[in-house]
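These are the residues of each chain, in order.
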Amino acid sequence: MTKMLYGMHPNGSEVYAYTLDNGSIKAKFVSFGAAIDELWVADRHGTPANILIGHADLQDRMENNTARGEICGRVCNRISGAKFTLNGEQFNLTASDEGEFTLHGAKEFNTALWDVREVSDSSISFAYASAAGTHGFPGTVTTLVRYTLDGSALRIEYEATSDADTILNLTNHAYFNLAGAGSGQIFNQQLRIDAEHYLPLNDMLCPTGELASVAGTRFDFRQLREIGEVYDVNFCNPGAIEAFDPASGRRMTVETDLPGVQLYTGECLCEPFTGFCLETQFWPDAPNQPSFPSIVLRAGETWTSWTTFTFTT
């Protein structure tokens, strides 16, 4: 593990970058947003490249924030109407610029300075406490995120508690380009998401509440095929998830205990469509969709989850 200054936060805090290298993969993490900033993986010839779309430094990360590798919460993705009801009480949230929904918890977690709790040769943990009432959410939520390098795999583990009933849905918003950052657009890279259903969206990109079959649609990724188009869609109860770059030979498999994965092809990046996201998560707008898996976190309970990215050629 190596540690170096990443930048100075406007509040006067020093922000550090921590690099872990286990000989198979190398990853750099920063406490701003508890982010993965770089991830170095070898191609079929053994030549490593950074496969994440990151930032040059802290100032760039703050000024051009598109959640590149950061943790999104309290509730990732969209909450329609920027409000929800829990225990019979309505909570009004900070709305997005469009005003019709709340996106990624109003960007609280991914723009926060997280505390570094534990660092070893193979893992690093970040902690953050979100105060009750922040952006309208009830309860003070304390979150721990641990990144671990295990052979050719990167594992993310989440743990959270609240002192009052609230809602929670966390994800990491990494943008992958398996050909290497700076290699161009990702439409020719291949993807398999073994999911029978996806969530159709309205004009605000919020779920309609329907579960639709992928059969016969452009959302059918049950067989490995080129990404090919622009996507921002949640797949329900996925089985196997993998991505492959024919040019480099890099293959990434994704395993998780969460019931959804959001495919986003990076339209908002400074260089659009140069990275894709596979955001493991609960389904978007769950608080307003009674038929969706619940994201309620009860007071005193501990919420845990995990996602593992494994790399081969």
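Reference entry: report on the structure contained in this document. (Residues numbered from 1 in each chain as written. Predicted model: local features only at pLDDT ≥ 70, side-chain atom pairs only at ≥ 80, totals over all residues. Heavy atoms only, no water.)

Right, let's talk about the pairing of strand β25 (residues 277-281) for a bit. Of all the five residues making up β25, five are buried; the element is thus mostly covered by neighbouring parts of the structure. Taken together, the five bridges between strand β24 (residues 260-264) and β25 define a ladder with antiparallel strand orientation. Residue pairing across strands places Gln262 opposite Glu279, the latter belonging to β25. (Buried < 20%, exposed > 50% of the residue type's maximum accessible area, 1.4 Å probe, protein only. Helix = DSSP H or I, 4+ residues; strand = E, 2+ residues; numbered from the N terminus. Pairing = 2+ DSSP bridges.)

Residues Gly73 and Arg74 are joined by a peptide bond in cis, for which omega reads 5°. Secondary-structure assignment places Arg74 in the loop between β6 (71-72) and β7 (78-80). Despite not being glycine, Leu205 has its phi angle at roughly 60°, a positive value. Considering the arrangement of structural elements, one finds Leu205 in the loop between β18 (197-198) and β19 (212-213). On the basis of relative accessibility, which here comes to 36%, the residue Leu205 falls in the partly exposed class.

Further remarks concern the sheet that holds strand β1 (residues 2-8). Pairing in this open sheet of five strands is antiparallel, and the strands run β1-β2-β3-β4-β5 from one edge to the other. Since the sheet does not close on itself, it has two edges, and those belong to β1 and β5 (48-50), each with one partner. Taking each pair of neighbouring strands and ignoring which way they run, the sheet shows an average axis angle of 20°. Two elements, strand β3 (residues 26-30) and strand β4 (residues 35-42), share five bridges in a ladder whose sense is antiparallel. In the strand pairing of β4, Lys28 is matched with Glu38. (Axes fitted to C-alpha atoms, helices over the stretch in contact; angles between N-to-C directions.)

All told, the structure shown has 17 aromatic pairs when counted by the stated rule. Ring plane angle 75° and centroid distance 6.3 Å describe the contact between Phe126 and Tyr147, whose orientation is recorded as edge-to-face. With Phe126 in strand β12 (residues 123-130) and Tyr147 in strand β13 (residues 141-150), the pair connects residues that are 21 residues apart, well separated along the chain. On the basis of an interplanar angle of 40° and a centroid distance of 6.2 Å, the ring pair of Phe176 and Phe276 is categorised as tilted. With Phe176 in the loop between β16 (171-172) and β17 (190-193) and Phe276 in the loop between β24 and β25, this residue pair connects regions lying 100 residues apart in the sequence. Pair check on accessibility: Phe176 and Phe276 agree, each one buried. Put simply, the rings of Tyr198, Phe219, Phe221, Tyr231 and Phe235 touch in pairs and so form one group of aromatic residues. Over the aromatic face of Phe244 sits the side chain of Arg251, whose NZ or CZ is 4.3 Å from the ring centroid. (Phe/Tyr/Trp six-rings, centres within 6.5 Å; stacked < 30°, edge-to-face > 60°. Lys NZ or Arg CZ within 6 Å of the ring centre and 35° of its normal.)

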